[in-house]
Amino acid sequence: MAPGAAPDCLLSIALRTSALAGVSPGRAGELCRATLKRMHRGYDMNRPHFEGWHLLGAFPDDAPDDVGSWLLVNNEEAMLLEVPPGLTAKIVESALDRAGATLRFVTASHDHYDHLDVEAWDGLFAAFEGATFIHPRAIARHHDLMLRVGGEPVWLIKAPKHSASDVVTVFRGVAMTGDIETGMLASVNKEVPLPTKRKSMDWLREFPERSGYHVHSTVSAHLNSVRRSVRWPDLFKCEQD
Ligand SMILES: [Zn+2]
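Residues numbered from 1 in each chain as written. Predicted model: local features only at pLDDT ≥ 70, side-chain atom pairs only at ≥ 80, totals over all residues.

### Re the overall build of the chain
Here comes step 1: In terms of regular secondary structure, the chain is built from seven helices and eleven strands.
Here comes step 2: For the chain, restricting intrachain contacts to residue pairs at least 6 apart in sequence, the fraction spanning at least 24 positions comes to 60%. (Helix = DSSP H or I, 4+ residues; strand = E, 2+ residues; numbered from the N terminus. Contact = placed C-beta atoms within 7 Å.)

### So, helix H3 (residues 89-99)
The α-helix winds at 3.6 residues per turn, so residues separated by three or four positions along the chain end up facing the same way.
Here comes step 1: Considered for burial, the residues of H3 that qualify are Val-92, Ala-95 and Leu-96. An end-on view of H3 places all buried positions within 100° of arc, on one side of the element. Along H3, exposed side chains directed more than 90 degrees from the buried face belong to Lys-90, Ser-94, Asp-97 and Arg-98.
Here comes step 2: Contacts made by the buried residues of H3 are with strand E1 (53-59), strand E2 (67-74), strand E3 (77-81), strand E4 (102-107) and helix H4 (118-127).
Here comes step 3: Where H3 terminates, the next one or two residues include Gly-100, which has phi positive at roughly 65°. (Buried ≥ 20, exposed ≤ 12 C-beta atoms within 10 Å, placed from the backbone. Arc of directions from axis to C-beta.)

### A look at unusual backbone geometry
Here comes step 1: Looking along the chain, the bond that leaves Phe-59 and enters Pro-60 is cis, with omega of 10°.
Here comes step 2: Examined against the element boundaries, Pro-60 turns out to sit in the loop between E1 and E2.
Here comes step 3: Positive phi is not limited to glycine here, since Asn-75 has a value of about 45°.
Here comes step 4: By the element assignment, Asn-75 lies in the loop between E2 and E3.
Here comes step 5: One non-glycine residue with positive phi stands out, namely Leu-223, at about 65°.

### Some remarks on the confidence of the model for the chain
Here comes step 1: On average, residues of the chain carry a pLDDT of 86, and 80% of them reach 70 or more.
Here comes step 2: Low pLDDT, under 50, characterises residues 1-25; the stretch is placed with 15 contacts to residues that sit more than four places away or in other chains.
Here comes step 3: Per-residue pLDDT stays below 50 along residues 27-40; that stretch engages in 14 contacts with residues further than four places along the chain or on separate chains. (pLDDT = per-residue confidence, 0-100.)

### Re the sheet that holds strand E5 (residues 132-134)
Here comes step 1: Within the open sheet, the five strands sit side by side as E1-E2-E3-E4-E5. Their pairing is mixed. Of all the strands in the sheet, the pair left with one neighbour each is E1 and E5. Across the sheet, the mean angle separating the axes of adjacent strands is 20° when strand polarity is ignored.
Here comes step 2: In terms of strand pairing, E4 meets E5 through three bridges, oriented parallel. By the bridge assignment for E5, Thr-107 is matched with Ile-134. (Pairing = 2+ DSSP bridges. Axes fitted to C-alpha atoms, helices over the stretch in contact; angles between N-to-C directions.)

### Let's talk about the pairing of strand E6 (residues 144-149)
Here comes step 1: Examined bridge by bridge, E6 and strand E7 (residues 152-158) share six bridges and lie antiparallel to one another. Across the sheet, Met-146 pairs through a bridge with Trp-155, a residue of E7.
Here comes step 2: Counted between consecutive antiparallel strands, the loop separating E6 from E7 contains two residues, among which Gly-150 sits at a positive phi close to 55°.

### Comments concerning the environment of Leu-124
Here comes step 1: Tracing the chain through its elements places Leu-124 in helix H4.
Here comes step 2: C-beta crowding within 10 Å serves as the criterion here: with 22 such atoms nearby, Leu-124 is assigned to the buried category.
Here comes step 3: What Leu-124 contacts, discounting residues up to four positions off in sequence, is Val-83, Ala-89, Val-92 and Val-106.

### A look at the sheet that holds strand E9 (residues 174-176)
Strand pairs in the sheet, formed through backbone hydrogen bonds, run parallel or antiparallel to each other.
Here comes step 1: The strand order across the open sheet built from six strands is E6-E7-E8-E9-E10-E11, with neighbouring strands paired in mixed fashion. Lying at the two open borders of the sheet, with one neighbouring strand each, are E6 and strand E11 (226-228). The mean angle between the axes of side-by-side strands here comes to 20°, regardless of whether they run parallel or antiparallel.
Here comes step 2: By the bridge criterion, three bridges tie strand E8 (residues 167-171) to E9 in an arrangement that is antiparallel. Paired with Val-170 across the strands is Ala-175, a residue of E9.

### So, the pairing of E7
Here comes step 1: Here five bridges tie E7 to E8, and the two strands are oriented antiparallel to one another. The residue of E8 that forms the bridge with Trp-155 is Val-170.

### Thoughts on the environment of His-143
Here comes step 1: Looking at the secondary structure, you find His-143 in the loop between E5 and E6.
Here comes step 2: Exposure remark for His-143: the 12 C-beta atoms within 10 Å place this residue in the exposed category.
Here comes step 3: Between the C-alpha atoms of His-143 and Ile-157, which are 14 residues apart in sequence, the distance is 6.1 Å.

Okay, here's the thing in structure tokens:
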């Protein structure tokens, strides 16, 4: 297909669909172009959707392996999760506007630059004076920090495995696992000593028992792993060598 042909072709198909029946051709074109733009950016079809979890996008380039930045929203309050390079106060402000929420907390799954970009973090820190910024290193190892967003609990579980600052965030039954590899003790790097990794897997596995909180789904920071109806303890089992 010739470059530029796809939008017109899809537009004409969309104009014929019943979903757009009764909509003026100009408005239908607008709707269709908006849909195509989202499809082009990889939204809708391939992006995970969870209640209360608003995906701001994947940064820095919306490429398949980029890091998802989320607003966790409840009762007009929000927590920003992941501060990757390219995320600006303007992007966060317009997402907050759409969600009708005020920013209460800002945090990240760990402090590798693709999840916590210092420039982006500092920019947000200057822009959102009312928000509490929780650096993942500031949470004690093998500790659960329980916060509330609009009354709803958000758990930050500190469990270094992939990196020394790993935090798993749990909200409305969904866990964002950062870059932690589940179901194995191995990691892509050697940043964390083996005994700490093992303790972290135990700490994560025992979370539901300890907290009385049920996790039903997980999503990884790079959005490449989404699991539903999980058996949580199975994700953090590891070989006992
Ligand atoms: Zn990482």
